[in-house]
Every structure is written in structure tokens, then in C-alpha cells.
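# Examination of the molecular architecture
Chain by chain, the residues:
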Amino acid sequence: QVQLVESGGGLVQAGGSLRLSCAASGSIFSGNAMGWYRQAPGKQRELVASITVGGITNYVDSVKGRFTISRDNAKNTVSLRMNSLNTEDTAVYYCNLGSGIRAFNPWDYWGQGTQVTVSS
């Protein structure tokens, strides 16, 4: 059974930084692609960043140059470093387990989410 546990969210001022982590268990992590989604109040969940089995990363335009996704296969973790945060980054952030060597294909495995709130 796959389990994903996110951590690292919190309250930060605009311009600040946070690092989110997702620990995966019960899965073949190194053989999976991973993604970070977010959902703001009243908005649809969107894919923010992903990293494939082959290490190819992809970002939504609004976070390019500010967010960095990385993975540690030895620890079965995927992280999201978020810099220069602004109020539009406020959302619940979710970790997703998927597949893909060149492109990310999400599966229906989600963590419980971690709240990120950016104050102005």
C-alpha cells in the first residue's frame, strides 16, 4: 500500500522561502515519477512541479525560477524548495506518485497535503 506524507508547510512572509518534503513508503519509489500539486481555495488543483524517473523536471510557468523539485531515492523522498514566495503561492500542497521516464504521468496516490500560507 502506497503512503505519502508531506511536511514543511507553514506561514511565511512574502519573499520568504519554504522547503516541502514528501516521504513515500510501500512503493517502488525509485521507479516512480513524483509530482507536487497545489490547490488554493476556490481553485482547481494544479500541477506545480514534477520529476520523472529519468530526472527530468518540469514546472508550471508561475513558479519557474523560484521553485526547485528534487528527489532522494535512497531516502524515498521528494522535496520542493520554494523561494521568493508570494501571496499567490498560498495553497494546500500535495505530493503525488506517478510514472514516466520523459514526462510525468500522475497516478491516484496522494498525500494528506500541507498548508502553505504566504502573508503580504
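Let me sum up the structure you'll find in this document.

Moving on to the pairing of strand β11 (residues 114–119). Alternating positions in β11 separate cleanly, T114, V116 and V118 being buried on one face and Q115, T117 and S119 remaining unburied on the opposite face. Two strands pair when backbone bridges link them, and strand β9 (residues 91–99) and β11 are joined in this way by three bridges, in the antiparallel orientation. Bridge pairing in β11 links A91 to V116.

Counted by the stated rule, this structure contains three aromatic pairs. Here Y94 and W110 contribute two aromatic rings whose centre-to-centre distance is 6.4 Å and whose plane-to-plane angle is 90°, an arrangement assigned as edge-to-face. Here Y94, found in strand β9, pairs with W110, found in strand β10 (residues 105–110); they are 16 residues apart in sequence, far enough to count as distant. On the basis of relative accessibility, which here comes to 14%, the residue Y94 falls in the buried class. By the ring-pair criterion, three or more aromatic residues cluster together here, those being Y37, Y94 and W110. The cationic tip of R45 hangs over the ring face of Y94; the distance from NZ or CZ to the ring centre is 3.8 Å.

Parameters and conventions
Residues numbered from 1 in each chain as written. Predicted model: local features only at pLDDT ≥ 70, side-chain atom pairs only at ≥ 80, totals over all residues. Heavy atoms only, no water. Buried < 20%, exposed > 50% of the residue type's maximum accessible area, 1.4 Å probe, protein only. Helix = DSSP H or I, 4+ residues; strand = E, 2+ residues; numbered from the N terminus. Pairing = 2+ DSSP bridges. Phe/Tyr/Trp six-rings, centres within 6.5 Å; stacked < 30°, edge-to-face > 60°. Lys NZ or Arg CZ within 6 Å of the ring centre and 35° of its normal.

Functional significance is not addressed by these values, which are geometric in nature.
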